[in-house]
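The lines below spell out each chain.
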Amino acid sequence: HEGAPYIVTELLEGDTLRERLRSGGLGVRKAVEIAVHAAHGLAAAHEKGIIHRDLKPANVFVTKDGHVKILDFGVAKLIHPGVRPDPFAKTTTSGPATDAGAVVGTAGYISPEQLRGLPADHRSDIFALGCVLYEMLSGKSPFLKDTGVDTAAAILHEEPAPIAVPGREIPVALRAVVERCLEKQPEERFQSARDLAFDLGLLSGVSGVERVTAEPAVGRPWRR
């Protein structure tokens, strides 16, 4: 302006998910609602070839009017649009390179393939979102231990404890969605953030996904 460069940034009013989780987990409906919006945000980034690589509660912001924003793409990676991400390929990424074997991400939310120094793809973000959803429901991270080494070992070799909250019922189908996000092998997770958002939407009826219902056919016994 008048010869001086300036930066315009979005003003957000609200809290990060980390701040909201300081007092414990969220209700099931609120947790699923936030996860659906975050999944749609990841899907939009992935469709542009952008992999976040550091999704965690501190990087998920909930505005006062209920919008969910994904923050801090500082270690994000660009994959050429139109090229299907391959977790073992080292030729599809652009931008500042990550040294071979380097680990990028935050302890407790980093995927097994990132820990092994393999290139991350969109399914690494799905693993991280699974960790975030687990924490929203239970109030604690699924893999976080006292030390970084123990946390890494848990992510690579241990299964998280079943989600259980005293006095609160966690639907079996929702637990199954979380468990699929947290699979050790990328090919066993949801293969897109859009699919994850759709399945979560079916559980809650939010984000434009209608609840699936079935009515008994006249003259025939109803079958599920």
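Coordinates for the structure precede this section.
So, how was this worked out
- Residues numbered from 1 in each chain as written.
- Predicted model: local features only at pLDDT ≥ 70, side-chain atom pairs only at ≥ 80, totals over all residues.
- Heavy atoms only, no water.
- Helix = DSSP H or I, 4+ residues; strand = E, 2+ residues; numbered from the N terminus.
- Contact = heavy atoms within 4.5 Å.
- Core = buried A, V, L, I, M, F, W, Y, C linked by side-chain atoms within 4.5 Å.
- Buried < 20%, exposed > 50% of the residue type's maximum accessible area, 1.4 Å probe, protein only.
- Pairing = 2+ DSSP bridges.
- Axes fitted to C-alpha atoms, helices over the stretch in contact; angles between N-to-C directions.

(A) Spatial organisation of the side chain of Glu113. With respect to the helices, strands and loops of the structure, Glu113 is situated in helix α3 (residues 112–115). When sequence neighbours within four positions are dropped, the list of residues in contact with Glu113 reads Leu118, Arg123, Ser124, Lys184, Pro186 and Arg189.

(B) Examining the nonpolar core more closely. Residues Leu133, Met136, Leu196 and Leu200 are the most contacted members of the largest nonpolar core, which totals 45 residues. Mapped onto this core, the elements with two or more residues apiece are α2 (28–47), β3 (60–63), β4 (68–70), α4 (122–138), α5 (148–157), α6 (172–181) and α7 (193–204). The element best represented in this core is α4, accounting for 10 residues. Those residues in contact with Leu133 that sit more than four places away from it in its chain are Ala31, Ala35, Leu174, Val178 and Leu200.

(C) Inspection of the sheet that holds β3 at higher detail. The strand order across the open sheet built from three strands is β1-β3-β4, with neighbouring strands paired in antiparallel fashion. If you trace the sheet from one side to the other, it starts and ends with β1 (14–16) and β4, each paired once. Strand-to-strand twist in this sheet, taken as the mean axis angle between neighbours without regard to direction, amounts to 25°. Looking at chain direction, β3 and β4 are connected through three bridges and run antiparallel. Bridge pairing links Val62 to Val68 in β4.

(D) Inspection of the environment of Gly148 at higher detail. Looking at where Gly148 falls in the secondary structure, it is placed in helix α5. Between the C-alpha atoms of Gly148 and Ala107, which are 41 residues apart in sequence, the distance is 6.4 Å.

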